[in-house]
2 protein chains.
Amino acid sequence: MKLLTPEHLTAEAFAPYGEVIETDPATAVEINSGFTTRYHALAQAEVGEGTAILSLFHGRPRPLEIDMLERHPLGSQAFIPLESRPWLSVVADRAEPEAVHVFACTGQQGVQYATGTWHFPLLVGNHPQTFLVVDRSGEGNNLEEVYLDETILISV
Amino acid sequence: MKLLTPEHLTAEAFAPYGEVIETDPATAVEINSGFTTRYHALAQAEVGEGTAILSLFHGRPRPLEIDMLERHPLGSQAFIPLESRPWLSVVADRAEPEAVHVFACTGQQGVQYATGTWHFPLLVGNHPQTFLVVDRSGEGNNLEEVYLDETILISV
């Protein structure tokens, strides 16, 4: 059993795995006669020959034990929390325990996993939370799963 | 000045304008070893030759006066509230005051405007709210605006 502590989520730290979806002033544009600020194109859905679809994921608390990783080789996948609660994003640049990183996301931060990025399924904290998910629909097998040699326990 | 009262938002009532993004049990699939319920493909982003992008819109209160409508002829546009607050969706099947409908969206309801659907810009209630927006990026003019002959006042 390997113990991991969540890291602070920033665009820079998360860059190898995808994008952080948050209100970064660098992306702000005033629209709608000044009544709306648009934080423009924080992520671009990668869907290849497929289609970008919008779904809702209702995640329930589960043990903070990482024994597997999955990835979507044909498209990106974005998660945006809808109830302003903190959650965890678990990613890796290869499917090995040593490569796993855990990020502590605030309730105002979503992420998009780049195409083919290893990650653990949706991990909420102590409360259920619903997320908006943008991912790919289309032909082909868009899911790979691997079990790890060693289980990782997240220490929060 | 024409007075309009918001209607209750349901998938059926909104069907001429696009999709409602909410946790409809009819679309539920259990995934992630039973820890997540996926409400699958509630909307499909329509982007033609373009790309689906994810942005955040921070909307501020404005007068509930509808004096114009806009539409995006090249792609769909989805709005999902991130702070669980009610908001208003204003749509029309043609750019005329008689055709305007106002829907009262709960804080758990997002909508996607179908390609070319006339709508008013983001309309929050008494408090600011941030929304996740999925729309189109790409070549071509994707915005048309028209001013109405008569201003519509929303009575809430």
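These numbers were taken from a predicted model, which means no experiment stands behind them.

Once chain B has been moved 0.0 Å along the axis and rotated by 180°, it coincides with chain A to within an RMSD of 0.0 Å. What we have between these two chains is a two-fold relation. Relative to the rotation axis, the C-alpha of B:Leu82 is the closest in chain B, positioned 2.4 Å from it. An overlap of 98% is found between the interface residues of chain B and their copies at the interface of chain A, pointing to a shared contact surface.

A few words now on the pairing of strand β5 (residues 36-44) of chain B. Both strand β6 (residues 51-59) of chain A and β5(B) contribute to a ladder of six bridges, which runs antiparallel. By the bridge assignment, A:Phe57 is partnered in β5(B) with B:Arg38. In terms of strand pairing, strand β4 (residues 28-31) of chain B meets β5(B) through four bridges, oriented antiparallel. Note on β5(B): the bridge partner recorded for B:Glu30 is B:Thr37. Two successive antiparallel strands, β4(B) and β5(B), enclose a turn made up of four residues, where B:Asn32 displays a positive phi of approximately 50°.

Ordered by their spatial adjacency, seven strands build an open sheet running β4(A)-β5(A)-β6(B)-β14(B)-β8(B)-β11(B)-β3(B), and the pairing between neighbours is antiparallel. Lying at the two open borders of the sheet, with one neighbouring strand each, are β4 (28-31) of chain A together with β3 (18-21) of chain B. Averaged over all neighbouring strand pairs, the angle between strand axes comes to 25°, with direction disregarded. Pairing analysis gives three bridges linking strand β8 (residues 77-81) of chain B to strand β11 (residues 110-113) of chain B, with the strands arranged antiparallel. Bridging from a neighbouring strand, B:Gln77 pairs with B:Tyr113 of β11(B).

Next up on the list: the sheet that holds strand β14 (residues 129-137) of chain A. Overall, antiparallel pairing links the seven strands, which are arranged β3(A)-β11(A)-β8(A)-β14(A)-β6(A)-β5(B)-β4(B) in an open sheet. Of all the strands in the sheet, the pair left with one neighbour each is β3 (18-21) of chain A together with β4 of chain B. Across the sheet, the mean angle separating the axes of adjacent strands is 25° when strand polarity is ignored. Here β3(A) pairs with strand β11 (residues 110-113) of chain A via four bridges, running antiparallel. Its bridge partner being in β11(A), A:Gly18 is matched across the sheet by A:Tyr113.

Thresholds applied
Residues numbered from 1 in each chain as written. Chains lettered and ligands numbered in written order. Predicted model: local features only at pLDDT ≥ 70, side-chain atom pairs only at ≥ 80, totals over all residues. Heavy atoms only, no water. Least-squares fit on C-alpha atoms with pLDDT ≥ 70 in both. Contact = heavy atoms within 4.5 Å. Pairing = 2+ DSSP bridges. Helix = DSSP H or I, 4+ residues; strand = E, 2+ residues; numbered from the N terminus. Axes fitted to C-alpha atoms, helices over the stretch in contact; angles between N-to-C directions.

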